[in-house]
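# Report on the structure
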Amino acid sequence: DIVMTQSPLSLPVTLGEPASIACRSSQSLLHTNGVNYLDWYLQRPGQSPQLLIYLGSNRASGVPARFSGSGSGTDFTLKISRVEAEDVGVYYCMQGLHTPPTFGGGTKMEIK
Amino acid sequence: QVHLQESGPGLVKPSQTLSLACAVSGDSITRAGYFWSWVRQHPGKGLEWLGYISYNGTTSYNPSVKSRVTISRDTSKNHFSLSVNSVTAADTATYYCARVSRAIQNQQFQFDPWGPGRLVTVSS
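What follows covers the sheet that holds strand 3 (residues 19-25) of chain A. All names here are of chain A. Read across the sheet, 4 strands follow the order 1-3-8-7 without closing on themselves; strand pairing throughout is antiparallel. Looking along the sheet, the strands with just one partner apiece sit at the ends: strand 1 (4-7) and strand 7 (67-72). The average angle at which neighbouring strand axes cross in this sheet is 20°, direction not considered. When strand 1 meets strand 3, the two strands line up antiparallel, connected through 4 bridges. Bridged to Met4 within strand 3 is Ser25.

Our next topic: the interface of chain A and chain B. Between chain A and chain B, the residue contacts involve 19 residues of the former and 21 residues of the latter. Carbon and sulfur atoms make up 63% of the area that chain A and chain B hide from each other, which totals about 1700 Å². One can count 0 salt bridges joining chain A with chain B. Inspection of the region where chain A meets chain B yields 9 residue pairs in polar contact (both at pLDDT 80 or more). It is strand 4 (residues 38-43) of chain A that contributes the most residues to the side of chain A that touches chain B, 3 residues altogether. For the side of chain A that touches chain B, the residue count by class is 12 nonpolar, 6 polar and 1 charged.

Glancing now at the pairing of strand 3 of chain A. All names here are of chain A. The side-chain alternation of strand 3 yields one buried face, formed by Ala19, Ile21, Cys23 and Ser25, and one unburied face, formed by Ser20, Ala22 and Arg24. As defined by bridge partners, strand 3 adjoins strand 8 (residues 75-80) across 6 bridges and the pair is classed as antiparallel. By the bridge assignment, Cys23 is partnered in strand 8 with Phe76.

Analysis parameters
- Residues numbered from 1 in each chain as written.
- Chains lettered and ligands numbered in written order.
- Predicted model: local features only at pLDDT ≥ 70, side-chain atom pairs only at ≥ 80, totals over all residues.
- Heavy atoms only, no water.
- Pairing = 2+ DSSP bridges.
- Helix = DSSP H or I, 4+ residues; strand = E, 2+ residues; numbered from the N terminus.
- Axes fitted to C-alpha atoms, helices over the stretch in contact; angles between N-to-C directions.
- Contact = heavy atoms within 4.5 Å.
- Buried area = accessible area lost by both parts, 1.4 Å probe.
- Salt bridge = Lys/Arg side-chain N within 4 Å of Asp/Glu carboxyl O.
- Polar contact = N/O pair within 3.5 Å; in protein donor to acceptor, adjacent residues only side chain to side chain.
- Nonpolar A, V, L, I, M, F, W, Y, C, P; charged D, E, K, R; others polar.
- Buried < 20%, exposed > 50% of the residue type's maximum accessible area, 1.4 Å probe, protein only.

Written as structure tokens, this is what we have:
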């Protein structure tokens, strides 16, 4: 299985400040069609995960523009330009290029 | 708007079979281009993909649970189901169903939406 490694595990942030989460995969997620099969999800406390970014850099419907995804191959980044209180929760990256899809261990973001 | 809702027993005895259903509204589970998946989350832990049933009825399972898991569907009710046999305490988890987009060579992306989840505890 492809191993997804996220860093940091914990991310204390200040409201209004930027935040960044890294995700590294054990194999390239870049398909020959030029698409990176890497998604980002946010699981708020007590809720199910919700899709933020799909295929590396595409914001899901309704996701605020302060969220952005970048990267290719084995290294990816989720950036939040200015953190808001509702962004608190656990962030997961997920690869869907190979079966089984696998998730990173999660990055818990909380407000300082 | 598409909604998914899990249902089923919240308590299962060891060695028995865990059975959950996922009711889908706002979309058809036979619409081309989608997988209908199950993902679980052990208490306080990360996410584990269990498997899917495709729009055309084909299935795929995580090798880690393949021998014990079956995913089926009832197209007349527009729902799909998960069955895990011979459960142990290690199967205690919140089980989520989700719609997943299918790419040309069965890559998976865009797990969206998810159901609210169903906590299943395995205990005697």
